[in-house]
Amino acid sequence: MSTLFTKIIEGEIPGRFIWKDEQCVAFLTIGPITDGHTLVVPREEIDEFTDASDELMAHLMKVAGNIGRAQKRVFNSARAGIMIAGFEVPHLHVHVWPTNSLADFDLGRVNENPDPAKMDANAQKLRAALKEDGHTHIPDA
């Protein structure tokens, strides 16, 4: 059975993609902790990060770093946060978000009803920033 993330990757469920390559995609989460909160997800259905190959994990971290640098600039944050929790959906995913304090690491603080127009604008800002950084795996929308 396909995971929720596989359905998003395959276009069965809409997603606000900011990165697509052969190994992974990245899209804004529907429950952000902060504006620009993104999930980096491998195309392959892998439940836990400990089951992923070293090469795939290195690629996911590289993509997360690229996104984190863009997030810091776009959202003027002190740092980019990163977390692999794995309890929400049984498909490996890396949370990356702009952060200004440790309070921003509390998944209990997610916005369960974000403004769709603001989410669209945040995705567009991140795509533009990643393109400015010279990345070529950025979808138009």
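Residues numbered from 1 in each chain as written. Predicted model: local features only at pLDDT ≥ 70, side-chain atom pairs only at ≥ 80, totals over all residues. Heavy atoms only, no water.

Per an unreviewed UniProt entry, the protein chain goes by Diadenosine tetraphosphate hydrolase and derives from Glutamicibacter creatinolyticus.

Student: If you had to explain the environment of W97 to someone new, which residues and values would you point to?
Tutor: Residue position: W97 is located in strand β5 (residues 94-99). Spatially, the C-alpha atoms of W97 and M83 are 9.1 Å apart, while their sequence positions differ by 14 residues. Setting aside residues up to four positions removed in sequence, W97 forms contacts with I33, T34, H37, Q71, R79, A80, G81, I82, M83, D104 and F105. Within the local environment of W97, its side chain forms a polar contact with the backbone oxygen of D104, the two atoms lying 2.9 Å apart. (Helix = DSSP H or I, 4+ residues; strand = E, 2+ residues; numbered from the N terminus. Contact = heavy atoms within 4.5 Å. Polar contact = N/O pair within 3.5 Å; in protein donor to acceptor, adjacent residues only side chain to side chain.)

Student: Please provide a residue-by-residue account of the layout of surface pockets, values included.
Tutor: A volume near 340 Å³ is recorded for the largest pocket. Taken together, 19 residues make up the lining of the largest pocket; nearest its centre are F5, T29, I30, G31 and L39. Breaking the lining of the largest pocket down by element, the ones donating at least two residues are α1 (4-9) and β2 (24-28). Residue contributions to the lining of the largest pocket peak at three residues, all from α1. Its residues assigned to classes, the lining of the largest pocket comprises twelve nonpolar, five polar and two charged. (1 Å grid on protein atoms, 1.4 Å probe; cavity = no way out; pocket = protein on both sides within 12 Å on 5 of 7 lines; lining within 4 Å. Points joined across faces, edges and corners; volume = space filled by probe spheres on them. Nonpolar A, V, L, I, M, F, W, Y, C, P; charged D, E, K, R; others polar.)

Student: Lay out the packing of aromatic side chains with the relevant residues and their values.
Tutor: Describing an aromatic ring pair means giving the distance of the ring centres and the angle of the ring planes. According to the stated counting rule, one finds three aromatic pairs in the structure shown. Each ring, one from W97 and one from F105, has its centre 4.9 Å from the other, and the planes form 65°; the classification is edge-to-face. W97 sits in the buried class, given a relative accessible area of 0%. Ring pairing ties together the aromatic residues F5, F17 and F27, which thus form one cluster. (Phe/Tyr/Trp six-rings, centres within 6.5 Å; stacked < 30°, edge-to-face > 60°. Buried < 20%, exposed > 50% of the residue type's maximum accessible area, 1.4 Å probe, protein only.)

Student: Please set out helix α3 (residues 116-132) residue by residue, giving values where relevant.
Tutor: An ideal rise of 1.5 Å per residue puts 24 Å on 17 residues; α3 measures up with 24 Å between its terminal C-alpha atoms. The complete set of buried residues in α3 reads M119, N122, A123, L126, R127, A129 and L130. Along α3, the residues classed as buried sweep out an arc of 165° about the axis, all on the same side. Among the exposed residues of α3, those pointing more than 90 degrees away from its buried face are A117 and E132. Where α3 is buried, its residues touch β1 (17-20), β2, β3 (38-42) and α2 (54-74). (Expected span 1.5 Å × (residues − 1). Arc of directions from axis to C-beta.)

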